[in-house]
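Analysis of the macromolecular model
One-letter residues, chain by chain:
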Amino acid sequence: MAGILDVPKPRINSHMLTQHVSKAVCLVGRVEKVHPTGKTFTICDGEGKIATVELNEPVEDDLSGVVEVIGIVSNKGTLMAATYNILREDKGIPFDLELYNEALKVIHDFPQHYPFEVAASG
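Throughout this description, residue numbers start from 1 for each chain and increase along the sequence as written. Given that this is a predicted model, residues contribute local features only at a pLDDT of at least 70 and side-chain atom pairs are listed and counted only at 80 or more, while totals for whole chains, interfaces and linings are drawn from all residues. Each side-chain value is worked out from all heavy atoms of the structure, with water and hydrogens disregarded.

**Quick notes on the packing of aromatic side chains**
Aromatic rings considered in pairs are described by the distance between their centres and by the relative angle of their planes. Here is the rule we go by: Note on aromatic contacts: the rings of Phe and Tyr and the six-membered ring of Trp form a pair at centre separations within 6.5 Å, being stacked when their planes are under 30 degrees apart, edge-to-face when over 60 apart, and tilted otherwise. What counts as a helix is a DSSP run of H or I of at least four residues, what counts as a strand is a run of E of at least two, and both are numbered from the N terminus. Categorising residues by exposure relies on relative accessible area from a 1.4 Å probe, with only protein chains included: less than 20% of the type maximum marks a residue as buried, more than 50% marks it as exposed, and the intermediate range marks it as partly exposed.
Overall, the coordinates contain two aromatic pairs when judged by the stated rule. Here the aromatic rings of F41 and Y84 are separated by 6.0 Å at their centres, their planes lie at 70°, and the arrangement is edge-to-face. On the criterion of sequence distance, the pair formed by F41 in strand β3 (residues 40–44) and Y84 in strand β6 (residues 79–87) is long-range, its members being 43 residues apart. Judged by its relative accessible area of 1%, F41 falls in the buried class.

**A closer look at the pattern of salt bridges**
Which entries qualify depends on this criterion: Salt bridges are defined as contacts in which a side-chain nitrogen from Lys or Arg sits within 4 Å of a carboxyl oxygen from Asp or Glu.
Across all of its chains, the model carries three salt bridges by this definition. A salt bridge links R11 to E68, with the shortest nitrogen-to-oxygen separation between them at 2.7 Å. Linking R11 in strand β1 (residues 11–12) with E68 in strand β5 (residues 66–73), this pair joins segments that are 57 residues apart in sequence. Residue E68 is classed as buried on the basis of its relative accessible area, which comes to 14%. For the salt bridge of K105 with E102, the shortest nitrogen-to-oxygen distance reads 3.4 Å. Of the two residues, K105 and E102 are both situated in helix α1 (residues 97–109); the distance of three residues between them amounts to about one turn of the helix.

**Quick notes on the environment of H108**
The test is simple: By the convention used here, residues are in contact when the closest approach between their heavy atoms is within 4.5 Å. Polar contacts, as counted here, are pairs of nitrogen or oxygen atoms within 3.5 Å of one another; within protein the pair requires one atom able to donate a hydrogen and one able to accept it, and residues that are adjacent in sequence qualify only if both atoms are side-chain atoms.
Secondary-structure assignment places H108 in helix α1. By relative accessible area, which is 28% here, H108 ends up partly exposed. Taking the C-alpha atoms as reference points, H108 and R11, 97 residues apart in sequence, are found 8.9 Å from one another. Excluding residues that lie within four positions of it along the chain, H108 makes contacts with R11, I12 and M16. One polar contact links the side chain of H108 to the main-chain carbonyl oxygen of R11, over a distance of 2.6 Å.

**Points about a nonpolar patch on the surface**
Spelled out, the test is: Patches were defined on residues exceeding 30% relative accessible area and lacking a salt bridge, with like-charge contacts within 9 Å and nonpolar side-chain contacts (Val, Leu, Ile, Met, Phe, Trp, Tyr) within 5 Å. Using the Shrake-Rupley algorithm and a 1.4 Å probe, accessible areas are obtained, with residue cover drawn only from the displayed protein chains.
Where nonpolar side chains cluster on the molecular surface, the patch consists of V106, F110 and Y114 and spans about 250 Å² of accessible area. Structurally, F110 can be placed in the segment after α1.

**Some remarks on the pairing of strand β2 (residues 24–34)**
Here is the rule we go by: Each pair of strands is called paired provided DSSP finds at least two bridges between the two strands.
Across two bridges, β1 lies against β2 in parallel orientation. By the bridge assignment for β2, R11 is matched with C26. Both β2 and β5 contribute to a ladder of seven bridges, which runs antiparallel. When the sheet's bridge partners are listed, L27 is paired in β5 with V69. Sheet analysis places β2 next to β3, joined by four bridges and oriented antiparallel. Bridged to K33 within β3 is T42. Taking the residues that link successive antiparallel strands as the turn, the β2-β3 hairpin has five residues, and the phi of G38 there is positive, at about 80°.

As structure tokens, then:
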């Protein structure tokens, strides 16, 4: 799965997961709950929808706040994470997930101006 970091990935919200099964995506949301095993966690996106993220290895840090997850969408509609980044909210300025979600809508409504996906060749 390390190769997915080298290919273009669409930024999506939880509602779009089912449209991207078996594809690499980027999903941003606020951590809601980490499973006691540390191998799964749920995030809430800018629409208030919940997505489940599965990890290969248990989380070692205290996972909280807003995270950006890159991974492959499974048939179950969960995100099989290759990596995740915690987005720091410095100086008391919270990350605005609702505004981020509005930006996603613009990107997906006008794909000719935001060509993040590359057509497969062959």
